Amino acid sequence: MMPPPPAGLAGVFCVDWGWSGGQALADVLEGHVTVTGSRDPDLQKRAEAVVTVVIAGKGLAAGATQAALVAMTPDGQVRAMVGGVDYAQSQFNRATDALRQPGSTFKLPVFLTALAMGYGAEDVISDAPIEIDGWAPQTYGGGNNGNVTLKEAFARSLNAATVRLAQEIGTDNVIAGARQLGIEGTLTESPSLALGTSEVTLLDMTE
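Below, the discussion takes up the pairing of strand E2 (residues 78-82). Burial within E2 is extensive, with four of its five residues counted as buried. Inspection of the sheet shows strand E1 (residues 69-72) paired to E2 by four bridges, in the antiparallel sense. Counted as the bridge partner of Leu69 is Val82 from E2. Between E1 and E2, which pair antiparallel one after the other, the connecting turn spans five residues, and Gly76 there sits at a positive phi close to 95°.

Structure follows, in structure tokens:
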């Protein structure tokens with residue numbers, strides 16, 4: 001049994017996350033287990049400072065009391081992680097365990113999957129109103145834009161066009177594309193998935 005990290009340690013949420021993974025390995029492996037992390041101490045300090053400033057400023061104004069942050073290299077090494085404002089008060093890691101709807105951020109897997117299936121950035125998709133089983137997505141600000149290119153639909157975050165594209169390529173393929181990007185959470189195969197209604201973790205979305 002490995003001792004848990006002390007609450008006052010810099011980057012304690014990140015260390016705690018690594019400790020949990022190491023403990024899981026120690027439970028199934030025999031002998032000595034060494035866990036090597038990828039955390040950058042300087043970047044970790046900056047990440048914690050950013051979260052503190054945001055919560056004290058915009059967070060306070062919005063009534064928010066918690067925040068999370070993950071900084072990761074393209075090859076998947078976590079360089080910094082902040083799972084909350086104060087580990088001593090709450091050990092719940094909001095970066096790895098809190099489930100939230102990603103919203104329009106999830107449009108990335110939709111369009112990337114379409115490109116992988118042979119669609120082009122200049123291909124045209126309709127942004128006209130669409131209704132599926134009584135559900136009709138609306139673009140922020142209202143209105144629709146007729147036929148648009150995939151590039152424009154993505155850049156302008158057009159909801160009807162995104163849902164229509166997801167229906168064309170298949171929601172199952174969107175889920176498969178999201179899995180390839182590293183999203184491990186439960187993804188519901190429904191039309192609204194394209195607009196980020198399935199809850200995922202910040203770590204998943206950073207991956």
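Bringing the layout of surface pockets into the picture now. Taken as a whole, the largest pocket encloses approximately 360 Å³ of empty space. The element best represented in the lining of the largest pocket is helix H1 (residues 12-28), accounting for five residues. Taken together, the residues of the lining of the largest pocket sort by class into eight nonpolar, five polar and one charged. By volume, the second largest pocket is sized at about 220 Å³. Forming the boundary of the second largest pocket are Gln66, Ala67, Ala68, Arg94, Ala98, Arg100, Gln101, Pro102, Val200, Thr201, Leu202 and Met205.

Ranked by internal contacts, the top residues of the largest apolar core, which has 26 residues, are Phe106, Val110, Ile125, Ala153, Leu165, Val174 and Leu187. It is helix H5 (residues 159-169) that provides the largest number of residues to this core, a total of six residues. For Leu165, the contacting residues outside a window of four places in its chain are Val110, Phe111, Ala114, Tyr119, Ile125 and Leu150.

With that settled, consider the pattern of salt bridges. Per the stated rule, a full pass over the model turns up two salt bridges. In this structure, Lys151 engages Glu122 in a salt bridge whose closest nitrogen and oxygen atoms are separated by 2.8 Å. On the criterion of sequence distance, the pair formed by Lys151 in helix H4 (residues 150-155) and Glu122 in the loop between helix H3 (107-116) and strand E3 (124-126) is long-range, its members being 29 residues apart. A relative accessible area of 49% places Lys151 in the partly exposed class. The exposure class assigned to Glu122 is exposed, which follows from its relative accessible area of 51%. Here Arg156 ties to Glu152 by a salt bridge, and the two come within 2.6 Å at their closest N and O atoms. Residue Arg156 is classed as partly exposed on the basis of its relative accessible area, which comes to 44%.

With the rule as written, the count across this model stands at two aromatic pairs. On the numbers, 5.0 Å between centres and 80° between planes, the contact of Phe13 with Tyr87 is edge-to-face. Of this pair, Phe13 sits in helix H1 while Tyr87 is found in the loop between E2 and H3, placing the two residues 74 residues apart along the sequence. A relative accessible area of 6% means that Phe13 is categorised as buried. Residue classification places Tyr87 among the buried residues on the basis of a relative accessible area of 11%.

Below, the discussion takes up helix H6 (residues 171-180). One turn of the α-helix equals 3.6 residues, which is why residues spaced by three or four share an orientation. Three or more residues of H6 are buried, namely Thr171, Val174, Ile175, Gly177 and Ala178. Projected down its long axis, H6 shows its buried positions confined to an angular sector of 160°, all on one face. Here the buried face of H6 lies against H3 and H5.

Okay, the side chain of Arg164 next. By the secondary structure assignment, Arg164 is in helix H5. Reaching out from Arg164, the side chain makes a polar contact with the backbone oxygen of Pro129 at a distance of 3.4 Å. If near-sequence neighbours (up to four positions away) are discounted, Arg164 is found in contact with Ile125, Ser126, Asp127, Ala128, Pro129 and Ile130.

Before going further, it helps to spend a moment on the environment of Gly196. Assignment of secondary structure puts Gly196 in the loop between H6 and helix H7 (202-206). Taking the C-alpha atoms as reference points, Gly196 and Pro137, separated by 59 residues in sequence, lie 12 Å from one another. Every residue in contact with Gly196, bar those within four places of it in the chain, is listed here: Gln101, Pro102, Gly103 and Phe106.

Here is what the cut-offs are and how they apply
- Residues numbered from 1 in each chain as written.
- Predicted model: local features only at pLDDT ≥ 70, side-chain atom pairs only at ≥ 80, totals over all residues.
- Heavy atoms only, no water.
- Buried < 20%, exposed > 50% of the residue type's maximum accessible area, 1.4 Å probe, protein only.
- Helix = DSSP H or I, 4+ residues; strand = E, 2+ residues; numbered from the N terminus.
- Pairing = 2+ DSSP bridges.
- 1 Å grid on protein atoms, 1.4 Å probe; cavity = no way out; pocket = protein on both sides within 12 Å on 5 of 7 lines; lining within 4 Å.
- Points joined across faces, edges and corners; volume = space filled by probe spheres on them.
- Nonpolar A, V, L, I, M, F, W, Y, C, P; charged D, E, K, R; others polar.
- Core = buried A, V, L, I, M, F, W, Y, C linked by side-chain atoms within 4.5 Å.
- Contact = heavy atoms within 4.5 Å.
- Salt bridge = Lys/Arg side-chain N within 4 Å of Asp/Glu carboxyl O.
- Phe/Tyr/Trp six-rings, centres within 6.5 Å; stacked < 30°, edge-to-face > 60°.
- Arc of directions from axis to C-beta.
- Polar contact = N/O pair within 3.5 Å; in protein donor to acceptor, adjacent residues only side chain to side chain.

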